[in-house]
Amino acid sequence: KNQVEQSPQSLIILEGKNCTLQCNYTVSPFSNLRWYKQDTGRGPVSLTIMTFSENTKSNGRYTATLDADTKQSSLHITASQLSDSASYICVVIPSFASGGSYIPTFGRGTSLIVHP
Amino acid sequence: KAGVTQTPRYLIKTRGQQVTLSCSPISGHRSVSWYQQTPGQGLQFLFEYFSETQRNKGNFPGRFSGRQFSNSRSEMNVSTLELGDSALYLCASSLGWTSGSVDEQFFGPGTRLTVL
């Protein structure tokens, strides 16, 4: 069964600090891995999209890395801001070869709180 | 460019009733996907429509159905509502989404369904 595990479940940091969120997955083979940011009461917003052949992708202060050998991805947030307080969700999209479907598997998310 | 819109934003129903939710994608997007989000299960994929055809379906019972119109607008229907169907229902649109694409998905704000 395809699984995506995220850690930590929640994280509290001070404004200006850096942090790293983890995503471990079992989906194989996969087409692409995505990170989303979801503010409370709103729909998720795409941060990064990486194919299986990419190692890193940046979007401003957000940098995602991917290690396909260990089936791990991380999202690094630099110089955190109060507006970074949100849930961060990792999603893995399987490739057609993994079973003939493209049903995405979502992690449960990491809840990040940035304190002033 | 207008974003993805969902109506209604909030809905209260009782067990046994049925409900229809609507999603208008970003202009030019032909793929619409539906998701259910609950505190217990997180985000789960319901189904995806592309050019009026269901292209992928998640592991939900047949009470959950959907359709897409020629203008790409989509509706999802849940019949014989159960308490466990209380959730945030999100739709997302993209140019192509699945079939291994890396097209970005844009989410709507969601419809909060409460079943009493």
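In this report, we go over the structure that sits alongside the text. (Residues numbered from 1 in each chain as written. Chains lettered and ligands numbered in written order. Predicted model: local features only at pLDDT ≥ 70, side-chain atom pairs only at ≥ 80, totals over all residues. Heavy atoms only, no water.)

## Some thoughts on the interface of chain B and chain A
Taken together, the contact between chain B and chain A spans 26 residues of the former and 20 residues of the latter. Here chain B meets chain A over a buried area of about 1,700 Å², counting both sides, of which 61% is carbon and sulfur. Counting every contact that joins chain B to chain A gives 0 salt bridges. The interface formed by chain B and chain A contains 4 residue pairs in polar contact (both at pLDDT 80 or more). (Contact = heavy atoms within 4.5 Å. Buried area = accessible area lost by both parts, 1.4 Å probe. Salt bridge = Lys/Arg side-chain N within 4 Å of Asp/Glu carboxyl O. Polar contact = N/O pair within 3.5 Å; in protein donor to acceptor, adjacent residues only side chain to side chain.)

## Some details on the nonpolar core
With 23 residues, the main nonpolar core has Tyr-25, Leu-33, Trp-35, Leu-75 and Tyr-88 of chain A as its most contacted residues. Of all the secondary-structure elements, those providing two or more residues to this core are β3 (19–25), β4 (30–38), β5 (45–51), β7 (62–67), β8 (72–77), β9 (86–94) and β11 (110–115) of chain A. Not counting chain neighbours up to four residues away, the residues in contact with Tyr-25 of chain A comprise Gln-3, Val-4, Phe-30, Leu-33, Leu-66, Asp-67, Ala-68, Lys-71, Gln-72 and Val-92 of chain A. Core analysis: the next-biggest nonpolar cluster, separate from the first, contains 21 residues, Val-19, Leu-81, Ala-87 and Cys-91 of chain B among them. (Core = buried A, V, L, I, M, F, W, Y, C linked by side-chain atoms within 4.5 Å. Buried < 20%, exposed > 50% of the residue type's maximum accessible area, 1.4 Å probe, protein only. Helix = DSSP H or I, 4+ residues; strand = E, 2+ residues; numbered from the N terminus.)

## Quick notes on the side chain of Ser-74 of chain B
Residues and elements named next belong to chain B. Within the secondary structure, Ser-74 is located in strand β8 (residues 74–78). For Ser-74, the side chain forms a polar contact with the main-chain oxygen of Arg-67, separated by 2.9 Å. Among all residues touching Ser-74, those that are not within four sequence positions of it are Leu-21, Ser-22, Cys-23, Val-32, Trp-34, Tyr-49, Arg-67 and Gln-68.

## A few points about the sheet that holds strand β7 (residues 64–68) of chain B
All names here are of chain B. The 4 strands are arranged β1-β3-β8-β7 in an open sheet whose pairing can be described as antiparallel. Looking at which strands have only one partner, the edges of the open sheet turn out to be β1 (5–7) and β7. Strand-to-strand twist across the sheet, computed as the mean angle between neighbouring axes with direction ignored, equals 20°. Bridge count between β7 and β8: 5 bridges; the pairing is antiparallel. Its bridge partner lying in β8, Phe-64 is registered against Val-78. (Pairing = 2+ DSSP bridges. Axes fitted to C-alpha atoms, helices over the stretch in contact; angles between N-to-C directions.)

## Details of the environment of Ser-22 of chain B
Residues and elements named next belong to chain B. If you trace the backbone, Ser-22 turns up in strand β3 (residues 19–24). When the C-alpha atoms of Ser-22 and Thr-114 are compared, they prove to be 16 Å apart, with 92 residues separating the residues in sequence. For Ser-22, the contacting residues outside a window of four places in its chain are Thr-5, Gln-6, Thr-7, Trp-34, Arg-73, Ser-74 and Glu-75. Within the structure, the side chain of Ser-22 is placed 2.9 Å from the side chain of Arg-73, a separation counted as a polar contact.

## Looking at the state of the cysteines
Residues and elements named next belong to chain A. Within the structure shown, the criterion is met by 2 disulfides over all chains. Bridging Cys-23 to Cys-90, the disulfide has an S-S length of 2.0 Å. Sign of the S-S torsion, about -65° for the bond between Cys-23 and Cys-90, identifies this disulfide as left-handed. Residue Cys-23 is found in strand β3, and its partner Cys-90 is found in strand β9; the two are separated by 67 residues along the sequence. Given the relative accessible area of 0%, Cys-23 is considered buried. In this structure Cys-19 is a free cysteine whose sulfur lies 15 Å from that of Cys-90, the closest cysteine sulfur available. (Disulfide = S-S within 2.5 Å.)

By themselves, these figures tell us nothing about what the structure is for.
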